[in-house]
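Secondary and tertiary structure notes
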Amino acid sequence: MALYRVHLHVARSDQYPDGSSECGYEFIVPLDGDMQLDPEAWKNHKEDCTVHRFWKDEDDLRGHLRHVGKGWKFDYDKSDDEDDELLFKLDRHKLAEGEYVSITESDGEMHTFRVVAVRPYP
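Predicted, not measured: the structure shown is a model, and the values here were computed from it. (Residues numbered from 1 in each chain as written. Predicted model: local features only at pLDDT ≥ 70, side-chain atom pairs only at ≥ 80, totals over all residues. Heavy atoms only, no water.)

Reading around the barrel, the eight strands line up as S1-S2-S3-S4-S5-S6-S7-S8 and close back on themselves, with antiparallel pairing between neighbours. Averaged over all pairs of adjacent strands, the angle between strand axes in this sheet comes to 30°, irrespective of strand direction. Of the strand pairs in this sheet, strand S2 (residues 20-31) and strand S3 (residues 50-55) are connected by five bridges, and their pairing is antiparallel. In the sheet register, Cys23 faces S3, and the bridge partner there is Trp55. (Pairing = 2+ DSSP bridges. Helix = DSSP H or I, 4+ residues; strand = E, 2+ residues; numbered from the N terminus. Axes fitted to C-alpha atoms, helices over the stretch in contact; angles between N-to-C directions.)

Below you can see the structure in the form of structure tokens.
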């Protein structure tokens, strides 16, 4: 198991016909040899698994990757679930460049993101 920094950009959609490098996420996550999330390793690195959300014309958000049941979410405030963003079937996705991940944001809107970089985290 190793920690990786994963960088996502919003993918092409009706709202973003060309995608956008100005809207996305960067997060730290433990990945196994198949580049899939390692939930057991996450238990030992919870505080290392941070997220940075950046979105054009909005304030940046910083928080943590959290495991809830069988799912995963970005949590920006431990005392408030209203700001959480759910990652769609992250436990089944390979986090490798060129792959896609869907995230339901706190307003209920789901966006698809393209993995643009995965680098070892020191």
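Per the stated rule, a full pass over the model turns up ten salt bridges. Salt-bridge contacts for Glu26 lead to Arg5; the nearest nitrogen and oxygen are separated by 3.2 Å. With a gap of 21 residues between them, Glu26 in strand S2 and Arg5 in strand S1 (residues 2-10) connect regions that are remote in the sequence. Judged by relative accessible area, Glu26 falls into the partly exposed class, the value being 22%. Several salt bridges converge on common partners, so that one network encompasses Arg53, Glu58, Glu85 and Glu105. (Salt bridge = Lys/Arg side-chain N within 4 Å of Asp/Glu carboxyl O. Buried < 20%, exposed > 50% of the residue type's maximum accessible area, 1.4 Å probe, protein only.)

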